Amino acid sequence: MPGASGGNKNKEGESALMATAAHELTAFEEARALARRRRLRLWFPIGVVVVMLVALVGIAIFDYRTMRADTLALSKGVIVNLQSRIETEVVAYIEPIGDTIRLSRDLLSDKTLSDVRRDLVEPLGIGVLNNMPQLTSLIIGVPNGEFFMVRRYQDDKQQQRGLEVKTISKASEADGKPVVRLVRRDAAGKVISDQVVEWDGYDPRQRPWYQGVSHEEADRLFWTDVYPFFTDRAAGITGSLPFINEAGELAAVIGADVKLESLSRFLSDLKIGTTGFAFIVDKTDRVIAHPSAELVKETEAGEVRLTRVADLADPIARRAYDRFRVEGHGRRDFELNDRRYISSVSSLKHLIDRDWSVIVVVPEDDFIGFVVENVGKTLAMGLSVMLLAAFLAALLIRQGLRTDREAIRILEREAQLDAQSEAFGSTAVQSAIFDSGDENSLAPVTEAVARSSRVRRASVWQFDSAHDELRCLDCFDQEAEGHTHGNALRRPDHQALFDAIEQGVTLRELDTSNAAATTSVYSRYLDPMGCRALLSAPVKVRGEVIGALWLEDTGRRERWSDQVAQFALAMANLLAIRQATSGATVSDSQRDMASPVEKRQGGALPAAAKARRDEAVDIETSLGAQRAAAFTARLAQLAGEQRAASAEVIDELAVLSLHFTDAVVLAEPFGKSSDESVVTYLIRELERAAADHDLAYMKFLSDQVMAAADPNDDPRTGAAKLADFALQVQTVCERLFTEQQSPLAFCIGLDLGPVIGSVVGREQRAFNLWGEAAQMATDMALTGLPGSIQATETVYRALSDDYLFQLRGRHYLENIGEFSTYLMSGRL
């Protein structure tokens, strides 16, 4: 029997495909084993290098930590020595002053110890200042207000420096003011000026150094607190001794001024690490000495005061003093601006009877910088050695890896060749490849080509008799594991593609969106299915191109190899040979493979085709019956087989769902000069389309539109009306979003299945639909591609003879299982 013969041949083809798959699996197992060896060759030396690197870094970290700890421990001794040096310098700076003042007092006493020998004051002062650089001036004050001072001076304007003698004598009888005389000498001691000046209001009896001496303790040296000097407004201290005559009365007070800027100069010359520094403060946060800051500050009112720590512009010094103020003397480490500092504070009170403290601050980097540098050099040398070792290892394994790659490539090529040979052989034994009465005869061919070439889709296309249309006879999608047919491409839409195929050109495009011959087919056929690459091999019969074999793949493909192209051409030639040996002419062949519309125009279907059509109708009816039965069973379970009189179950009704994915576009004005919004325009156009196709039901729900055929119509007639409505809506939306210069922000879903219908509402009664078909249409819209019409398998089976569909994927329905989904692209 012919049917039995065809069935046996189909089984033979399936067996051949299974053998091909098994052979290919064995080859791939070998390739995977070789790939594992290749990875071992690659990753083992890399792992060794990584272990060495980790060990080197670990050693470097250990050395750094050890050396850092030792260096910081050593830094403690360095800082202690620095503080001792500063203390020694301060003592050496201040302590001799007391002896100098005592000696000066003794030298200036007259024989009767009743007065000061004023004739010796000037030469003695000059000699003292010349021999003691830390002294600023030698001063004498007497109880009647007279004053004598020898001080250093510096005139930057006249570029003069030397000694100045200032004498304040008793008040004159003329005006009652003291007489002030200034005598200046240059550095060589020569008098350069001698003049009487206006009294500046200075009274020695009002100064701290005069008032602070004790009559009872004549030999006790008195030190003033730090204060701004009257004459030059510099910060300093004064040491003084009283001169007591034989009668026990105060005859005079002798003192010496010491400017603290000399201490500041000493601190600025002190080398503490690279950027460290030291400064001296008292207990009231006044700055006694600082390497760079001014020690006297003038207020806004014009008064002169000593600089405080808060006045310093150095945040490091302020932070160090804050730690000392809170935690007291000792070593304190702190962090500022992601940098660590070491600070140490010691007291000077036990040396100079002053509550002064020395603060030393040094960045930790100044001590451990060489540690980081040495560890870095060691690490760099180790890394250099490792890089050299890695380079040599890479040279050694490079050849092995290249050999492995070639071996894998050879194995893969052998596996693909074997698979293609098996596919070629299994196809060659098929006896009815171009049997127009058997629509499934090409299924083994497209499956074998797709699997052996490892592409997403394989399809066979044929021209009609006038070469105005290119129709898909069969297409196999590996991802969806299904077949489709009937898609048609028309010459006006794809003129360049038609010309290339008719010329017998083998197209090998990796990006069809940029190729002149394939741009149109990319946007209308390939892109909606996620494909970008295309290989088209022409099918020629007696020198005339009657169609093409297409290999369609995703954009991840890097190239079309010559092997795949040659295999596609061989399969195309096989199709041509089988057609040529069938005894039919080219025109007969094209007529036999004409579209369903052409077949209906040319005569009745063959008996075998009619039987298959009836079988498909039975399958379709079975799927629809299964969905209706499952839906009714769920209703019975929920409602105890009782339904309200106003609600009716419709076993089969076509339902459409239009879903918009961008609500902002709907709110935009339609066009540049129109006051109408996009949503208003859409509603008007959809209502017009519904009236054109005599739809009985359409509702707008938020960003979704639901439409359905008339329940009184035949389900297939209603499905056809709804499909035409969907195509018109797709055109309207495409034109609208193009004019708005926006992406296609809509999807359309179609289903044919059971629903519930009922009249709802009291004041304004309206008919409403819900249930499985409505929900399924919504699901198709929500999961569809932008701008596409996605339909269920029930719709495809009902309309596939009159409409073009592409297989999209699979969908699961409870109590039914998985079924295919399709993209509808137009009418046949």
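What counts, and at which threshold
- Residues numbered from 1 in each chain as written.
- Predicted model: local features only at pLDDT ≥ 70, side-chain atom pairs only at ≥ 80, totals over all residues.
- Heavy atoms only, no water.
- Helix = DSSP H or I, 4+ residues; strand = E, 2+ residues; numbered from the N terminus.
- Buried < 20%, exposed > 50% of the residue type's maximum accessible area, 1.4 Å probe, protein only.
- Contact = heavy atoms within 4.5 Å.
- Pairing = 2+ DSSP bridges.
- Axes fitted to C-alpha atoms, helices over the stretch in contact; angles between N-to-C directions.
- Core = buried A, V, L, I, M, F, W, Y, C linked by side-chain atoms within 4.5 Å.
- Phe/Tyr/Trp six-rings, centres within 6.5 Å; stacked < 30°, edge-to-face > 60°.
- Lys NZ or Arg CZ within 6 Å of the ring centre and 35° of its normal.
- Expected span 1.5 Å × (residues − 1).
- Arc of directions from axis to C-beta.
- Polar contact = N/O pair within 3.5 Å; in protein donor to acceptor, adjacent residues only side chain to side chain.
- Disulfide = S-S within 2.5 Å.

Topic: the overall build of the chain
1) Next: Of the regular secondary structure elements, the chain holds 19 helices and 31 strands.
2) Next: Within the chain, the proportion of its 828 residues that are buried is 46%.
3) Next: Residue pairs at least 24 apart in sequence account for 61% of intrachain contacts in the chain once pairs closer than 6 positions are excluded.

Description of the environment of Leu267
1) Next: You can see Leu267 is positioned in helix H4 (residues 261–269).
2) Next: Residues Leu267 and Glu89 lie 178 residues apart in sequence; the distance between their C-alpha atoms is 9.8 Å.
3) Next: Beyond its immediate sequence surroundings of up to four residues, Leu267 is in contact with Ile86, Ala278, Phe279, Ile280, Ala289, His290 and Pro291.

Comments concerning the sheet that holds strand E16 (residues 356–363)
1) Next: Pairing within the open sheet is antiparallel, and its five strands lie in the order E11-E10-E16-E15-E14. In the strand order of this sheet, the two ends are held by strand E11 (287–289) and strand E14 (330–336), each with one partner. For this sheet, the mean angle separating the axes of adjacent strands, direction not counted, is 30 degrees.
2) Next: In the packing of helix H5 (residues 315–327) onto the sheet, contacts are made with strand E10 (277–282), E14, strand E15 (339–347) and E16, and the angle to E14 comes to roughly 135 degrees.

Some points on the nonpolar core
1) Next: Counting 75 residues, the largest nonpolar core has Ile86, Ile280, Trp356, Ile359 and Val361 as the members making the most contacts within it.
2) Next: Among the elements that take part in this core, helix H1 (residues 2–108) stands out by supplying ten residues, more than any other.

Section: the side chain of Ser344
1) Next: Structurally, Ser344 can be placed in strand E15.
2) Next: Taking relative accessible area as the criterion, Ser344 reaches 9% and is therefore assigned buried.
3) Next: Sequence-distant contacts of Ser344, that is, excluding residues within four places in its chain, are made with Ile79, Gln83, Gly330, Arg331, Val358, Ile359 and Val360.

A word on the environment of Lys190
1) Next: Relative to the elements of secondary structure, Lys190 occurs in the loop between strand E4 (178–186) and strand E5 (191–197).
2) Next: Counting along the chain gives 28 residues from Lys190 to Gly162, while the straight-line C-alpha distance between them is 9.3 Å.
3) Next: Among residues more than four places away in sequence, those in contact with Lys190 are Arg184 and Arg185.

A closer look at the packing of aromatic side chains
Geometry of an aromatic ring pair is reported as the spacing of the ring centres plus the angle between the planes.
1) Next: Applying the stated rule across the entire model yields 14 aromatic pairs.
2) Next: Ring centres of Trp461 and Trp550 lie 4.6 Å apart, and the angle between their planes is 35 degrees; on these two criteria the pair is classed as tilted. Note that Trp461 is positioned in strand E17 (residues 457–463) and Trp550 in strand E23 (residues 544–553), a separation of 89 residues in sequence. Of the two residues, Trp461 and Trp550, both sit in the buried class.
3) Next: Taking 5.8 Å as the distance between ring centres and 15 degrees as the angle between the ring planes, the aromatic pair formed by Phe737 and Phe746 counts as stacked. Each of the two residues, Phe737 as well as Phe746, counts as buried.
4) Next: Site record: aromatic cluster; members linked through ring pairs are Phe147, Tyr202, Trp209 and Tyr210.
5) Next: Sitting over the ring of Tyr153, Arg184 keeps its end group 4.5 Å from the ring centre.

A closer look at H5
Each α-helix winds once per 3.6 residues, and so residues spaced three or four apart point in a common direction.
1) Next: Helix length check: H5, at 13 residues, gives a terminal C-alpha distance of 18 Å against a target of 18 Å (1.5 Å per residue), a fit within 8%.
2) Next: All of the buried residues along H5 are Ile316, Ala317, Ala320, Tyr321 and Phe324. Within H5, the buried residues cover an arc of 130 degrees as seen down the axis, which keeps them to one side. The exposed set on the far side of H5, more than 90 degrees from its buried face, consists of Arg325 and Val326.
3) Next: Against E10, E14, E15 and E16 lie the buried residues of H5.
4) Next: Between the side-chain oxygen at the start of H5 and the backbone nitrogen of Ile316 there is a gap of 3.0 Å, and the oxygen is on Asp314.
5) Next: Directly after H5, the chain includes Gly328, whose backbone phi takes a positive value near 85 degrees.

Some words on the state of the cysteines
1) Next: This model, assessed by the stated rule, comprises zero disulfides.
2) Next: With no disulfide of its own, Cys531 has Cys475 as its nearest cysteine by sulfur position, at a separation of 8.2 Å.
3) Next: Look at Cys531 and you get buried, because its relative accessible area is 1%.

Describing the pairing of strand E1 (residues 135–141)
1) Next: Counting buried residues in E1 gives seven out of seven residues, a clear majority hidden from the surface.
2) Next: As defined by bridge partners, E1 adjoins strand E9 (residues 250–259) across six bridges and the pair is classed as antiparallel. Across the sheet, the residue bridging to Ser137 is Asp257, located in E9.
3) Next: Pairing of E1 with strand E2 (residues 147–155) involves five bridges; the strand directions are antiparallel. Following the sheet pairing, Ile140 is matched in E2 by Phe148.
4) Next: The turn joining E1 and E2, which pair antiparallel and follow one another in sequence, is formed by five residues; a positive phi near 95 degrees is taken by Gly145.

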